[in-house]
Amino acid sequence: YWPEGIAYGARNWIAANMASGSLTEAHAALALRLAGPEGALTLDKVSGDFRIAGTSVHFLRPLPLVTGVNATGTVDANDVTIKGTAGRLAGLRVDEATVKFAHIERKIADASVEVVVRGPLKDALTLLDHPRFRYMKKLGIDPNGVAGDTAARLVVTFPTALAVKFDDVGIRAAANLRGVAIRK
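How each quantity is defined
Residues numbered from 1 in each chain as written. Predicted model: local features only at pLDDT ≥ 70, side-chain atom pairs only at ≥ 80, totals over all residues. Heavy atoms only, no water. Helix = DSSP H or I, 4+ residues; strand = E, 2+ residues; numbered from the N terminus. Contact = heavy atoms within 4.5 Å. Phe/Tyr/Trp six-rings, centres within 6.5 Å; stacked < 30°, edge-to-face > 60°. Buried < 20%, exposed > 50% of the residue type's maximum accessible area, 1.4 Å probe, protein only. Salt bridge = Lys/Arg side-chain N within 4 Å of Asp/Glu carboxyl O.

**Student:** Before we go on, may I ask you to explain the environment of Val117 in this structure?
**Tutor:** For Val117, the position within the fold is in strand 6 (residues 110-120). Residues Val117 and Ala31, 86 residues apart in the sequence, show an inter-C-alpha distance of 39 Å. For Val117, the residues in contact, after removing those within four places along its chain, are Leu92, Arg93, Val94, Thr150, Ala151 and Ala152.

Laid out in structure tokens, this is it:
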């Protein structure tokens with residue numbers, strides 16, 4: 001349970017994109033102070049940590065879900081940071097992932113997803129040829145005709161608005177390739 005209005009900028013994105021899984025552990029700490037003659041309550045500090053297991057997440061719709069995600073996270077008054085330790089993305093193994101929501105007090109927070117995947121190059125190129133992108137088609141490469149392996153780092157930045165324009169999404173990628181062969 002995550003009450004509306006708390007860390008709004010992160011909450012809405014997580015609620016809309018976390019398809020399944022379990023919050024297995026959570027801790028929170030608050031520092032409160034009575035202030036003024038009327039005893040108004042002031043929140044001086046908030047922090048917490050949590051653990052999730054077996055989660056499935058949409059990180060960039062309509063790409064396939066990242067499944068089997070295990071992660072730990074931290075939260076403070078400004079940021080939520082989630083560090084993934086396992087997962088799968090369309091035939092690729094997720095070795096590490098970091099999702100950060102900055103300025104969570106705003107209605108629309110700034111988000112960044114950094115993920116390292118390993119696996120068959122064909123599977124990575126198939127993701128890049130998704131109908132949302134069609135990068136391989138534009139290059140004249142059929143992912144089914146490619147052999148080899150990759151280790152790739154992908155960084156995606158975006159606002160947490162529920163309707164994000166592709167022009168508002170930043171994408172950077174780097175990859176190491178091994179044993180590459182392209183069939184003509």
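**Student:** Would you mind going over the packing of aromatic side chains with me for this structure?
**Tutor:** Aromatic rings considered in pairs are described by the distance between their centres and by the relative angle of their planes. Per the counting criterion, the structure on display carries 4 aromatic pairs. An angle of 50° between the planes, with centres 5.5 Å apart, marks the rings of Trp13 and Phe101 as tilted. With a gap of 88 residues between them, Trp13 in helix 1 (residues 8-17) and Phe101 in strand 5 (residues 92-102) connect regions that are remote in the sequence. The residues Trp13 and Phe101 share a single accessibility class, namely buried. Ring geometry for Phe133 against Phe166: centres 5.9 Å apart, planes inclined by 50°, an arrangement best described as tilted. Placement of the pair is Phe133 in the loop between helix 2 (121-128) and helix 3 (135-139) and Phe166 in the loop between strand 7 (146-159) and strand 8 (170-182), with a sequence separation of 33 residues. Aromatic rings pair up to connect Trp13, Phe101 and Phe158 into one cluster.

**Student:** Looking at this structure, I do not really get the side chain of Ser56. What am I missing?
**Tutor:** Tracing the backbone shows Ser56 in strand 2 (residues 40-57). If sequence neighbours within four positions are ignored, Ser56 has contacts with Asn17, Met18, Ala19, Ser20, Leu65, Val66, Thr67 and Gly68.

**Student:** What should I look at first to understand helix 1 in this one?
**Tutor:** Structurally, the α-helix is built with 3.6 residues per turn, so residues lying three or four positions apart point the same way. Of all 10 residues that make up helix 1, 7 are buried, and the element is covered over most of its length. All buried positions along helix 1 are accounted for by Gly9, Ala10, Arg11, Asn12, Trp13, Ile14 and Asn17. The inward-facing, buried residues of helix 1 contact strand 1 (18-35), strand 2, strand 4 (79-89), strand 5 and strand 7.

**Student:** Explanation requested: the pattern of salt bridges in the structure shown.
**Tutor:** Pairs may arise between side chains of opposite charge once their charged atoms sit close together. A complete count under the given rule lists 9 salt bridges for this structure. Close ionic contact of Arg106 with Asp110 constitutes a salt bridge, the shortest N to O distance being 3.8 Å. According to the relative accessible area criterion, Asp110 is partly exposed, its value standing at 37%. With a shortest N-O distance of 3.7 Å, Asp129 and Arg134 are connected by a salt bridge. Overall, Arg134 belongs to the partly exposed group, its relative accessible area being 34%. Linked through salt bridges whose partners overlap, the residues forming this network are Arg93, Asp95 and Arg118.

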